[in-house]
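Summary of the model geometry
Below are the chains, spelled out letter by letter.
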Amino acid sequence: GEADILAVYAVDRWTRMGIGESGPIIAAVDARGGRFVAARESIDSAADPDYWKLRLAFSLDTAEKERRNTTARVNSSQRYLKEQGYWEGGRVPFGYAAVAHPHNPSKRTLIIREREAAVARELAERLASGELPSHLARELTDRGIPTATSGWRRAETLALAGRPLPADLDTEDRGFWHTQSIQSI
């Protein structure tokens, strides 16, 4: 589309792709005779026509550095947790449960859910023999095998952790298997 003003609250909330982004932005604003405004950085191409491009480039470069630093911190934290035998978080994979770590109850670790692990091994064998994921997904749903995100599995996980069940949790919900669910196991 077309616009006369490109206004953002903050450059780092808008993009963190770095200084390489400034060229196309500046070219588009200049070609249109438009205006660029970044509120938090007080960048306004109309109020500061001589230096707004430099300030935008600096803000974009700073945002990119923040993105890289954040990525490095998260990766470092995940590596540390993994090295210590802790689970680094995210969705619990099918076949596992996240429980308190035996040596540090404030951290989590994954344990194998034997029933689900048996299903995962069965799926691997059947996929390797050429069965279609869509057929397997339909069969697992028909057999009532709970999906990783079902209410039934959530209730089992909460019980394993000794936590109360929410009143609105449907503990009979076994979920529906999809081709993507099969392929991600």
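One can find the structure itself at the top, above this paragraph.
Residues numbered from 1 in each chain as written. Predicted model: local features only at pLDDT ≥ 70, side-chain atom pairs only at ≥ 80, totals over all residues. Heavy atoms only, no water.

Below, the discussion takes up the nonpolar core. V8, V11, I25, I26, V29, F36, A38, I43, W52, L56 and L60 together form the largest nonpolar core, which totals eleven residues. Broken down by secondary-structure element, the contributors of at least two residues to this core are helix 2 (22–32), strand 2 (35–38) and helix 3 (52–83). Contacts of A38, omitting those with residues within four sequence positions, involve V8, Y9, V11 and I43. By size, the runner-up hydrophobic cluster in this structure holds nine residues, among which are L136, A137, L140 and I182. (Core = buried A, V, L, I, M, F, W, Y, C linked by side-chain atoms within 4.5 Å. Buried < 20%, exposed > 50% of the residue type's maximum accessible area, 1.4 Å probe, protein only. Helix = DSSP H or I, 4+ residues; strand = E, 2+ residues; numbered from the N terminus. Contact = heavy atoms within 4.5 Å.)

Below, the discussion takes up the side chain of E41. Assignment of secondary structure puts E41 in the loop between strand 2 and strand 3 (43–44). Looking at E41, the relative accessible area reads 19%, which means it is buried. With residues near it in sequence (within four places) discarded, E41 still touches Y9, A10, V11, D12, R55 and S59.

Looking at the secondary structure, you find D44 in strand 3. Overall, the relative accessible area of 14% leaves D44 in the buried class. Of note is the side chain of D44, whose polar atom sits 2.5 Å from the side chain of R35. Looking at D44, its side chain comes within polar contact range of the main-chain nitrogen of A46, at 2.9 Å. Beyond its immediate stretch of four places on either side in the chain, D44 contacts R35, F36, V37 and W52. (Polar contact = N/O pair within 3.5 Å; in protein donor to acceptor, adjacent residues only side chain to side chain.)

Our focus in this paragraph is the packing of helix 2 against helix 3. In the contact formed by helix 2 and helix 3, the axes pass within 10 Å of each other and the chain directions differ by 150°. Classified by the interaxial angle, the pair formed by helix 2 and helix 3 is roughly antiparallel. In terms of crossing hand, the pair formed by helix 2 and helix 3 is right-handed. Here S22, I25, I26, V29 and D30 of helix 2 lie close against helix 3, whose contacting residues are W52, K53, L56, A57 and L60. Residues that form the contact of helix 2 with helix 3 fall into these classes: seven nonpolar, one polar and two charged. (Axes fitted to C-alpha atoms, helices over the stretch in contact; angles between N-to-C directions. Parallel < 35°, antiparallel > 145°, perpendicular 65-115°, else oblique. Left-handed = near helix turned anticlockwise from the far one by under 90°. Nonpolar A, V, L, I, M, F, W, Y, C, P; charged D, E, K, R; others polar.)

To continue, consider helix 2. Turning to helix 2, its buried residues are S22, I25, I26 and V29. Burial along helix 2 is one-sided: seen end-on, the buried residues are contained in an arc of 95°. Residues of helix 2 that are exposed and point more than 90 degrees away from the buried face comprise P24 and A31. The elements touched by buried residues of helix 2 are strand 1 (5–8), helix 1 (11–14), strand 2 and helix 3. (Arc of directions from axis to C-beta.)

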